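Descriptive analysis of the structure
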Amino acid sequence: MPIEFHTAVSNEPEEQQVIFTAEELAVQPPSEGPQGDAARATADGLENVRGYTRPEGTPEQLWQPPTAALPDIGEASFGPPPVAAETVHGPDDRVQITDTSVYPWRVHCSLLITAADNSRWIGTGWFIGPHTLATAGHVVYIKNSGVAGRDGWVKSINVMPGRNGNTLPYGVVTSTSFRTVNGWANNGDENYDYGAIILPNNLGNTTGWFGFGVWSDADLLKTVGNISGYPGDKPAGTQWYDARGVASVGPRKVYYDIDTAGGQSGSSVYHFYNGGRYGIAIHAYGGAVTNSGTRITTPVYNNYVAWKA
């Protein structure tokens, strides 16, 4: 596909694009934020979550969030399950995170998305800088819904970092500023299904954020992928974690047998590198054997560096 598919698009027409090269910026580091101690990883690259064991042998503060079940934002573009399903394979190994005000869990954000037709949906995003969240392209830009007035940029997104049900340790911030790329917005190509949410404040300085970078096929195939997010098949607004080794990689996607469900669209697929947490892909799709995310390649990396500036 042409590099033009990675040309950034914004719902703010005056947005100026900034171009970086891989030689100038190879890896963006994470930040743990200023509050309290951060959780530490295990020796084999997993989050140290009580009750979680990696399966063997398998590759505004008073604002009240909704408690009723809402559909996964993926269904807006792809239709209801099984088409849009993000999948649990075999036994469900996910473990609930309850100490969500601790880094890294506060980096993951529950999203309440209002589409152009005022329908409401759920998704997940994660901080990559003081005012920028990475997420899937279909979280911010709906394609091919078949519903009049629904396609295109969503109207607004309520961002709730570290949400735990009705508890919002960092309140809620409403964003109306979004980014994606031509490959998704104009072509609906799942290989380019990535985007960003820009906040009107620097809440990320409090929550911290994940780094992100570009790794080779060989490096990705020997790493462990971690995913935490807000699945719609669990109690509303609760965060769930799972991890497995990366199963395979393609030029623009990463595949893994990590259990997820609808609502986790936009979650970080991350690994540990030099003691820090770094995104390697943006979770977006389910499958019969493996789930998958949009791989952070050099053009994806360059766009995220520009969007977090």
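Here's the deal with the overall build of the chain
Counting its secondary structure elements, the chain contains six helices and 19 strands. Residues classed as buried in the chain amount to 59% of the 309 residues present.

Let's talk about the pattern of salt bridges
Side chains carrying opposite charge are able to pair once their charged atoms draw close together. Tallied over the entire structure, the rule returns 12 salt bridges. Put simply, Arg277 and Glu47 hold a salt bridge, and the shortest N to O gap is 2.7 Å. Of the two residues, Arg277 and Glu47, neither departs from the other in class, the shared state being buried. Linking Arg94 and Asp92 is a salt bridge whose minimum nitrogen-to-oxygen distance equals 2.7 Å. Residue Asp92 is classed as partly exposed on the basis of its relative accessible area of 34%. Shared partners join several salt bridges into a network, and the residues in it are Asp92, Arg94, Asp233 and Lys234.

Here's the deal with the nonpolar core
Counting residues in each nonpolar core, the largest one holds 61 residues, and the members touching the most others are Leu111, Ile157, Ile197, Tyr241 and Tyr304. Top element by residues in this core is helix H6 (residues 298-307). It accounts for five residues. Counting residues in each nonpolar core, the second largest holds 12 residues, with Leu220, Val249, Val269 and Ala281 among its members.

Focus on the pairing of strand E16 (residues 253-256)
By the bridge criterion, three bridges tie strand E15 (residues 239-249) to E16 in an arrangement that is antiparallel. Counted as the bridge partner of Ser248 is Tyr255 from E16. Linking E15 back to E16 in an antiparallel pair, the connection comprises three residues.

Topic: the environment of Asn205
Tracing the backbone shows Asn205 in helix H4 (residues 204-207). Taking the C-alpha atoms as reference, Asn205 lies 5.0 Å from Pro130; in sequence the two are 75 residues apart. Not counting the four nearest positions on each side in its chain, Asn205 is found in contact with Gly33, Pro34 and Pro130.

Brief notes about the packing of aromatic side chains
All told, the structure shown has 17 aromatic pairs when counted by the stated rule. Consider the rings of Tyr103 and Phe210, whose centres lie 6.2 Å apart with planes at 80°: the pair is edge-to-face. Taken together, the residues span a long stretch of sequence, with Tyr103 in the loop between strand E3 (95-97) and strand E4 (108-114) and Phe210 in the loop between H4 and strand E13 (211-213) at a distance of 107 residues. Of the residues examined, Phe210 reaches a relative accessible area of 0% and is grouped as buried. Here the aromatic rings of Tyr194 and Trp307 are separated by 5.9 Å at their centres, their planes lie at 40°, and the arrangement is tilted. Highlighted residues: Tyr194 in the loop between helix H3 (182-185) and strand E12 (195-198) and Trp307 in helix H6, separated in sequence by 113 residues. Overall, the relative accessible area of 0% leaves Tyr194 in the buried class. When its relative accessible area of 4% is taken as the criterion, Trp307 is described as buried.

What to know about the confidence of the model for the chain
Summary statistics for the chain give a mean pLDDT of 88 and a share of 87% for residues scoring 70 or more. Counting interchain partners and residues more than four positions distant, the pLDDT-below-50 stretch residues 15-25 has 15 contacts. A low-confidence stretch, residues 57-61 stays under pLDDT 50, and its non-local contacts, those more than four residues away or across chains, total 14 contacts.

Some words on the side chain of His108
Along the chain, His108 falls in strand E4. Sequence-distant contacts of His108, that is, excluding residues within four places in its chain, are made with Gly125, Trp126, Met160, Pro161, Gly162, Phe210, Ser228, Tyr230, Gln239 and Tyr270.

Each value, and the rule that gives it
- Residues numbered from 1 in each chain as written.
- Predicted model: local features only at pLDDT ≥ 70, side-chain atom pairs only at ≥ 80, totals over all residues.
- Heavy atoms only, no water.
- Helix = DSSP H or I, 4+ residues; strand = E, 2+ residues; numbered from the N terminus.
- Buried < 20%, exposed > 50% of the residue type's maximum accessible area, 1.4 Å probe, protein only.
- Salt bridge = Lys/Arg side-chain N within 4 Å of Asp/Glu carboxyl O.
- Core = buried A, V, L, I, M, F, W, Y, C linked by side-chain atoms within 4.5 Å.
- Pairing = 2+ DSSP bridges.
- Contact = heavy atoms within 4.5 Å.
- Phe/Tyr/Trp six-rings, centres within 6.5 Å; stacked < 30°, edge-to-face > 60°.
- pLDDT = per-residue confidence, 0-100.

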